[in-house]
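Residue-level structural notes
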Amino acid sequence: MKLIIAVIQDKDSNRLTDALSDHNYKTTKLSTTGGFLKEGNTTLMIGVEDHQVDDVLDVIRDNCSQRDQMVAPISPMGGNADSYIPKPVKVEVGGATVFVMPVESFFQF
Amino acid sequence: MKLIIAVIQDKDSNRLTDALSDHNYKTTKLSTTGGFLKEGNTTLMIGVEDHQVDDVLDVIRDNCSQRDQMVAPISPMGGNADSYIPKPVKVEVGGATVFVMPVESFFQF
Amino acid sequence: MKLIIAVIQDKDSNRLTDALSDHNYKTTKLSTTGGFLKEGNTTLMIGVEDHQVDDVLDVIRDNCSQRDQMVAPISPMGGNADSYIPKPVKVEVGGATVFVMPVESFFQF
Ligand code: NI
Ligand code: NI
Ligand code: NI
């Protein structure tokens, strides 16, 4: 038995819990905020058998890996909105920090 | 030293923390939501000595075990409320998922 | 690799995360409430290399140790506010409960 603790971005949270649920893994979601990261993040706890760890890691990697995304920038305050042509900007999104923790014993009541 | 992580239903949360407090165990409550379970759930962290684990498990079992409960159903939308006699319905409530985690060292400042 | 779980008072939370960030430690903050403690508290998770544990413990001790603080008491309800001279009262604030947890494996995606 292992407890997998995964810190991910909020925006990846629903997709990951859906994907884990499709693989029959139950998740518990903790409300978290990062120290650095100003954007909200989410911590998931997933209790699994030892032989399931690699599969769960695959699902996390597939759904939360850090990647580039083109986003429309906010138009500059006070600028001439009519003549302003927003250029999409590349930003890094996603990413997951994952701890696999040993579990001494596990119970369901 | 062990860290007990218990995921329980919100409705059992106050009763369990009161019962643990009666047994002189301090709890830290994390706001959580389940991936499957649509109802809110709560995660408690309880730091205990090795010899206290069984007692804490007993308290959790006594206060959070899955059980049947009779609830009055919602009356059907648009039905004839006067002639509608609600029949209590049996639902499963409660339940606890408990991880006993090894702790390498423990400090209080 | 270790996962340090620190339960501290809300009022020490920003100072501690700033201090840990100055030391280049990333923290994840969980919203928590204590079972006993009526005031809100905060749980931080900090993933570190084994050789960094003592440094992190030092930073927590420096920023969150239990200490006395003089606070202005609330003036008594219904008392004569004009003649009432509030005397500062000594209260205990701060404190940290810290678990150092073994980590079996660690991943970043
Ligand atoms: Ni798969
Ligand atoms: Ni007892
Ligand atoms: Ni230092």
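Reading the values: rules and limits
- Residues numbered from 1 in each chain as written.
- Chains lettered and ligands numbered in written order.
- Predicted model: local features only at pLDDT ≥ 70, side-chain atom pairs only at ≥ 80, totals over all residues.
- Heavy atoms only, no water.
- Helix = DSSP H or I, 4+ residues; strand = E, 2+ residues; numbered from the N terminus.
- Expected span 1.5 Å × (residues − 1).
- Buried < 20%, exposed > 50% of the residue type's maximum accessible area, 1.4 Å probe, protein only.
- Least-squares fit on C-alpha atoms with pLDDT ≥ 70 in both.
- Contact = heavy atoms within 4.5 Å.
- Axes fitted to C-alpha atoms, helices over the stretch in contact; angles between N-to-C directions.
- Left-handed = near helix turned anticlockwise from the far one by under 90°.
- Nonpolar A, V, L, I, M, F, W, Y, C, P; charged D, E, K, R; others polar.
- Buried area = accessible area lost by both parts, 1.4 Å probe.
- Salt bridge = Lys/Arg side-chain N within 4 Å of Asp/Glu carboxyl O.

Remarks on helix α1 (residues 10-22) of chain B
A rise of 1.5 Å per residue sets the reference length of α1 of chain B, with its 13 residues, at 18 Å; its end C-alpha atoms lie 19 Å apart and thus fit the reference within 8%. Those residues of α1 of chain B that fall on the buried side of the exposure criterion are D12, S13, L16, T17, A19 and L20 of chain B.

Structural notes on the relation of the copies chain C and chain B
Rotating chain C by 120° about the axis while translating it 0.0 Å along that axis superimposes it on chain B, leaving an RMSD of 0.0 Å. The transformation just described matches what one would write down for a three-fold rotation axis. The rotation axis passes nearest to the C-alpha of S31 of chain C in chain C, at a distance of 3.6 Å. Different-surface contact between copies: only 16% of interface residues of chain C are shared with the interface of chain B.

Here's the deal with the relation of the copies chain B and chain A
For the match of chain B to chain A, the screw axis carries a shift of 0.0 Å, the RMSD comes to 0.1 Å, and the turn is 120°. By residue overlap, the copies meet through two different surfaces: only 16% of the interface positions of chain B are interface positions in chain A.

Some thoughts on the packing of α1 of chain B against helix α2 (residues 53-64) of chain B
Residues and elements named next belong to chain B. The contact between α1 and α2 brings their axes to 9 Å, and the two run at 145°. For the pair α1 and α2, the sense of crossing is right-handed. Contacts between α1 and α2 involve D12, R15, L16, A19 and L20 on the former and, on the latter, V56, V59, I60, N63 and C64. Here the contact of α1 with α2 is built from residues that sort into seven nonpolar, one polar and two charged.

A short note on the interface of chain B and chain A
Opposite the 25 residues of chain B that make contact, chain A presents 21 residues. When the two sides are added together, the surface that chain B and chain A hide from each other amounts to roughly 1900 Å², 67% of it contributed by carbon and sulfur. Here chain B and chain A share one salt bridge between them. Measuring nitrogen to oxygen at the nearest pair gives 3.5 Å for the salt bridge that ties K2 of chain B to E104 of chain A.

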